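# Close look at the chain arrangement
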Amino acid sequence: MLFKTNVDLTALNTMAISSIAAKYCEVESLEQLKSAVISAQQQNLSIFILGGGSNVILPVIIEGLVIQIAIKGRKITKVNDHVADFQIGAGENWHELVLFSLSKGYRGLENLSLIPGTVGAAPIQNIGAYGVEVKDSLITVNVLDLESLEEISLHNKDLNLGYRSSLFKEKPGKYIVTSVTLRLDKETDLKTNYGDLTNRLQGNAFNECDVSNAVIEARNSKLPDYKVIPNAGSFFKNPIVSAEKLNTLTTQFPNIIHYPAANSKFKLAAGWLIQEAGWKGYSNKEVGVHKNQALVLINHNNGSGADILSLAKEIQKSVNDKFCVELEIESVFI
Ligand code: EPU
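Residues numbered from 1 in each chain as written. Predicted model: local features only at pLDDT ≥ 70, side-chain atom pairs only at ≥ 80, totals over all residues. Heavy atoms only, no water.

Here we come to the pairing of strand β2 (residues 20–27). By the bridge criterion, four bridges tie strand β1 (residues 4–8) to β2 in an arrangement that is antiparallel. For Val-7, the partnering residue across the bridge sits in β2 and is Ala-21. Pairing geometry for β2 and strand β5 (residues 61–69), over seven bridges, is parallel. By the bridge assignment for β5, Glu-26 is matched with Gln-68. (Pairing = 2+ DSSP bridges. Helix = DSSP H or I, 4+ residues; strand = E, 2+ residues; numbered from the N terminus.)

Neighbouring the ligand are 24 residues, the closest being Tyr-130, Tyr-163, Arg-164, Tyr-194 and Gln-275. One of the side-chain N or O atoms of Tyr-194 is found 2.7 Å from an oxygen atom in the ligand. A distance of 2.6 Å is found between a nitrogen atom of the ligand and a side-chain nitrogen or oxygen belonging to Gln-275. If the ligand stood free it would expose 820 Å²; the protein chains cover 83% of that surface. Among the secondary structure elements, those contributing two or more residues to the shell around the ligand are β8 (128–129), α5 (208–222), β13 (231–234) and α7 (270–276). For the shell around the ligand, the element with the highest residue contribution is α7, accounting for three residues. (Near = heavy atom within 4 Å. Polar contact = N/O pair within 3.5 Å; in protein donor to acceptor, adjacent residues only side chain to side chain. Areas by Shrake-Rupley, 256 points an atom, 1.4 Å probe, with all protein chains shown as cover.)

This part takes up the nonpolar core. Formed by 57 residues in total, the largest nonpolar core has its most connected members in Ile-67, Trp-94, Leu-97 and Leu-182. Element by element, the count of residues in this core is highest for strand β12 (residues 175–185), at six residues. Setting aside its immediate chain neighbours within four residues, Leu-182 contacts Ala-84, Asp-85, Phe-86, Trp-94, Leu-97, Leu-109, Val-134, Ser-137, Leu-138 and Ile-139. In terms of nonpolar packing, the next biggest core, distinct from the first, is built from 41 residues, Val-66, Leu-246, Ile-308 and Val-325 among them. (Core = buried A, V, L, I, M, F, W, Y, C linked by side-chain atoms within 4.5 Å. Buried < 20%, exposed > 50% of the residue type's maximum accessible area, 1.4 Å probe, protein only. Contact = heavy atoms within 4.5 Å.)

On to the sheet that holds strand β18 (residues 296–299), then. One open sheet holds the three strands; their spatial order is β13-β18-β17, and the pairing between them is antiparallel. Of all strands in the sheet, those with a lone pairing partner are β13 and β17 (287–289), marking the two edges. For this sheet the average axis-to-axis angle between neighbouring strands, irrespective of direction, equals 15°. The pairing of β17 with β18 spans three bridges and is classified as antiparallel. Residue pairing in the sheet places Gly-288 in a bridge with Ile-298 of β18. (Axes fitted to C-alpha atoms, helices over the stretch in contact; angles between N-to-C directions.)

Attention now moves to the domain arrangement of the protein chain. Domain annotation of the protein chain identifies domain 1 (4–69), domain 2 (74–219) and domain 3 (225–333). Between the C-alpha centres of domain 1 and domain 2 the distance comes to 25 Å. Of the roughly 1000 Å² buried between domain 1 and domain 2, counting both surfaces, carbon and sulfur atoms make up 73%. For the domain 1 face of the interface with domain 2, the top three residues by lost area are Leu-30, Lys-34 and Ile-69, together amounting to 36%. Counting across the domain 1 and domain 2 interface gives zero salt bridges. Along the contact surface separating domain 1 from domain 2 lie two residue pairs in polar contact (both at pLDDT 80 or more). Among the elements that take part in the side of domain 1 that touches domain 2, helix α1 (residues 30–42) stands out by supplying six residues, more than any other. Across the side of domain 1 that touches domain 2, the residue classes tally to six nonpolar, five polar and one charged. (Domains from an automatic or database assignment. Buried area = accessible area lost by both parts, 1.4 Å probe. Salt bridge = Lys/Arg side-chain N within 4 Å of Asp/Glu carboxyl O. Nonpolar A, V, L, I, M, F, W, Y, C, P; charged D, E, K, R; others polar.)

The final tally for this structure, using the stated rule, is nine aromatic pairs. Aromatic side chains Phe-86 and Tyr-106 sit 5.3 Å apart centroid to centroid with 80° between the ring planes, which places their arrangement in the edge-to-face category. Separated by 20 residues along the polypeptide, Phe-86 in strand β7 (residues 83–89) and Tyr-106 in the loop between α2 (94–103) and β8 bring together distant segments of the chain. There is no split in this pair, since Phe-86 and Tyr-106 are both buried. Where Trp-272 meets Phe-323, the ring centres are 5.9 Å apart and the plane angle is 50°; that geometry is what we call tilted. Placement of Trp-272 in helix α7 and of Phe-323 in helix α8 (residues 305–323) is noted, with a sequence separation of 51 residues between them. For Phe-323, a relative accessible area of 2% translates into the label buried. One aromatic cluster in this structure is built from Phe-86, Phe-100 and Tyr-106. (Phe/Tyr/Trp six-rings, centres within 6.5 Å; stacked < 30°, edge-to-face > 60°.)

Here the focus is a nonpolar patch on the surface. On the surface, Ile-20, Val-60 and Ile-61 cluster together into a nonpolar patch covering about 250 Å² of accessible area. Note on placement: Ile-20 falls in strand β2. (Patch = residues over 30% accessible without salt bridge, like charges linked within 9 Å, V, L, I, M, F, W, Y side chains within 5 Å.)

Rendered as structure tokens:
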């Protein structure tokens, strides 16, 4: 397979970081993907997979081969009158899939409207918003196993899907996602418990399309459009702390925003912690912190991956100094 050389990836990552791929190819099928991987292995090139580029921080140069996954396809298999399995190519756009499923009358993805990126990236970080995660509807993920070079199917229960975590994050470089199968149901209950959503829908009868529209409104009200202000969504995870730690924190900071999490632990709103540490709306020459949502770092003037990392470290340090809480970076640094 022929690779392009020295390809500029600025337009292919939502942080708009200027980065050059020493070698690059786009693959539209499993066969093309296999042949790209075999060529890379023969030339001893390391492989980096690019989807929608919405959760990655790129270096100035990527030595090795960047493979852009452009495997398309939507197949719907009816399970019964109101349930269907959607098998979707990894290179399809996530939000277009959400709109497609709604146009067919299926529920399950409405809370995940407007999340940037591709379908193949969804299980990698178990995308989640407004009380729903992709894990809730995901049945299987088809992957190319980079050792055997065979396509295999991994079941939801084998994927260790947790809060922004998965087997794919634990074992990077082992698999490449080729398609994802989601089970959607026309009759399942809508999930509208998340405060922001409840407020927007209050008092009205609503269906799955109304929920999707409310999510779109909520996101547009606080998250910057990456085409206008380059960003990678939430830059840090919301930290999980013990009940004891939360107790100590609430004594000192009675307004601290927290929610119950699994295993009797609590999730803190990282955006609030960063805001209280004084960073909301901060900006240096190249990069900064969004004025409406402190969890989002922005690249307003040709910042590099190193500029972003150095700001992230300063924020981590000041949040730790003030609250004794570690912020973990959610975006993936290459
Ligand atoms: N908050 C502040 N100041 C801020 C930001 C937030 O006080 O600068 C407060 C809000 O007022 C709210 C709470 O913190 O009371 C939580 O904020 P928000 O509802 O905006 O959600 P989040 O916890 O900051 C998470 C996800 C988002 C997802 C939203 C909605 C993570 C890391 N992020 O953000 O996901 O859209 O919930 O469910 O879990 C993403 O992953 O890229 C992403 C955008």
